[in-house]
Amino acid sequence: DAGVIQSPRHEVTEMGQEVTLRCKPISGHDYLFWYRQTMMRGLELLIYFNNNVPIDDSGMPEDRFSAKMPNASFSTLKIQPSEPRDSAVYFCASNPSSGANVLTFGAGSRLTVL
Amino acid sequence: QQQVKQSPQSLIVQKGGISIINCAYENTAFDYFPWYQQFPGKGPALLIAIRPDVSEKKEGRFTISFNKSAKQFSLHIMDSQPGDSATYFCAATFTNAGKSTFGDGTTLTVKP
């Protein structure tokens, strides 16, 4: 398995633009998580899905952020409009519902909003 | 409140020394405690994990010590090597899946 695949790896955009980050979880994993990592706030859970259904989105900063999981193999995190304070590394992670509750993270998408 | 407190924020150790990172949690319902290791430009990856019915777990040079009554657990890296230089996160979660709560991370630098 190729692991959790995220794209793009790097994104530089201007304030006000729409940003879409993409994630392909490991096949067979029922849970998908979106995290944001910054120096100031560490790893923050934004939202997670179970069987494509959003379970907890309490970490989503504000209405500018939205996430979808249209099927078991794809999820998006969208920021519209983007702001400089959104600059961070965004990680997608997945894990199966059986076995140990251990997250497999993707390599991350580094977002810079100018 | 679900919270995991991790210390120190950064740690510098000489090659061959012992690195110790501590974590404390509040929610006694947590029943699985993994540690993740993150290298620059990469996502965190599982290093070692422990359940609260065990006081210690060792895998190679890495050992988790767990104190259930104190709600604390720690990671010990024996014979630390420059290749161990990374950021380490402790986490607390539930065996039957669900979200993990992470500590703030510890940046370890092992000097040659």
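Here the structure is shown first, and the text comes after it.
These remarks concern the structure in this document. None of these values were measured; they are calculated from a predicted model.

**Examining the overall build of chain B**
Alright, step 1. Within chain B, the secondary structure is distributed over zero helices and 11 strands.
Alright, step 2. Taken over the C-alpha trace, chain B has a radius of gyration of 13 Å; the compact-globule value for 112 residues is 13 Å, and the two agree within 12%.
Alright, step 3. Over its C-alpha atoms, taken along the principal directions, chain B stretches across nearly 40 × 30 × 20 Å.
Alright, step 4. Each of the 112 residues in chain B was classed as buried or not, and the buried ones make up 46%.
Alright, step 5. Summarising the internal contacts of chain B: among those between residues at least 6 apart in sequence, 53% fall at separations of at least 24.
Alright, step 6. Accessible area of chain B: about 5400 Å², with a carbon and sulfur share of 49%.

**Here we look at the interface of chain B and chain A**
Alright, step 1. At the interface, 19 residues of chain B touch 20 residues of chain A.
Alright, step 2. Buried area between chain B and chain A, summed over both chains or domains, comes out near 1500 Å², and the portion from carbon and sulfur atoms is 56%.
Alright, step 3. Joining chain B to chain A, the criterion identifies one salt bridge.
Alright, step 4. Two residues, Asp56 of chain A and Lys99 of chain B, come together in a salt bridge whose shortest N-O distance is 2.7 Å.
Alright, step 5. On the surface where chain B and chain A come into contact, there are six residue pairs in polar contact (both at pLDDT 80 or more).
Alright, step 6. Classifying every residue of the side of chain B that touches chain A gives eight nonpolar, eight polar and three charged.

**Points about the packing of aromatic side chains**
Alright, step 1. All chains considered together, the criterion is met by 20 aromatic pairs over all chains.
Alright, step 2. Centroid distance Tyr25 of chain B to Phe33 of chain B: 4.7 Å. Interplanar angle 45°. Geometry classified as tilted.
Alright, step 3. With relative accessibility at 0%, the residue Phe33 of chain B sits in the buried group.
Alright, step 4. An aromatic cluster is defined as three or more aromatic residues linked by ring pairs; in this entry it consists of Tyr31, Phe33, Tyr35, Tyr48, Phe91 and Phe105 of chain A together with Tyr36, Phe89 and Phe102 of chain B.

**Describing the sheet that holds strand E1 (residues 5-7) of chain A**
Residues and elements named next belong to chain A.
Alright, step 1. In space, the four strands of this open sheet follow the order E1-E3-E8-E7, with antiparallel pairing throughout. One side of each edge strand has no neighbouring strand; the edge strands of this open sheet are E1 and strand E7 (65-71). The sheet shows a mean angle of 15° between the axes of neighbouring strands, direction not considered.
Alright, step 2. Pairing of strand E3 (residues 19-24) with strand E8 (residues 74-79) involves five bridges; the strand directions are antiparallel. Residue pairing in the sheet places Thr20 in a bridge with Lys78 of E8.

**Examining the pattern of salt bridges**
Residue and element names in this part refer to chain A.
Alright, step 1. Enumeration over the complete set of coordinates arrives at 11 salt bridges over all chains.
Alright, step 2. Glu44 is the partner of Arg36 in a salt bridge, and the nearest nitrogen-oxygen pair spans 3.1 Å.
Alright, step 3. Given a relative accessible area of 9%, Arg36 falls into the buried group.
Alright, step 4. For the salt bridge of Glu62 with Arg85, the shortest nitrogen-to-oxygen distance reads 3.2 Å.

**Brief notes about unusual backbone geometry**
Alright, step 1. Cis geometry is adopted by the peptide bond preceding Pro81 of chain A, which originates at Gln80 of chain A and carries an omega value of -5°.
Alright, step 2. Residue Pro8 of chain B follows Ser7 of chain B across a cis peptide bond; omega there is -5°.
Alright, step 3. You can see Pro8 of chain B is positioned in the loop between strand E1 (4-7) and strand E2 (10-14).
Alright, step 4. Residue Lys71 of chain B is not a glycine yet carries a positive backbone phi of 55°.
Alright, step 5. Tracing the backbone shows Lys71 of chain B in the loop between strand E7 (62-67) and strand E8 (72-77).

Rules behind the numbers
Residues numbered from 1 in each chain as written. Chains lettered and ligands numbered in written order. Predicted model: local features only at pLDDT ≥ 70, side-chain atom pairs only at ≥ 80, totals over all residues. Heavy atoms only, no water. Helix = DSSP H or I, 4+ residues; strand = E, 2+ residues; numbered from the N terminus. Rg over C-alpha atoms; globule rule 2.2 N^0.38 Å. Buried < 20%, exposed > 50% of the residue type's maximum accessible area, 1.4 Å probe, protein only. Contact = heavy atoms within 4.5 Å. Areas by Shrake-Rupley, 256 points an atom, 1.4 Å probe, with all protein chains shown as cover. Buried area = accessible area lost by both parts, 1.4 Å probe. Salt bridge = Lys/Arg side-chain N within 4 Å of Asp/Glu carboxyl O. Polar contact = N/O pair within 3.5 Å; in protein donor to acceptor, adjacent residues only side chain to side chain. Nonpolar A, V, L, I, M, F, W, Y, C, P; charged D, E, K, R; others polar. Phe/Tyr/Trp six-rings, centres within 6.5 Å; stacked < 30°, edge-to-face > 60°. Pairing = 2+ DSSP bridges. Axes fitted to C-alpha atoms, helices over the stretch in contact; angles between N-to-C directions.

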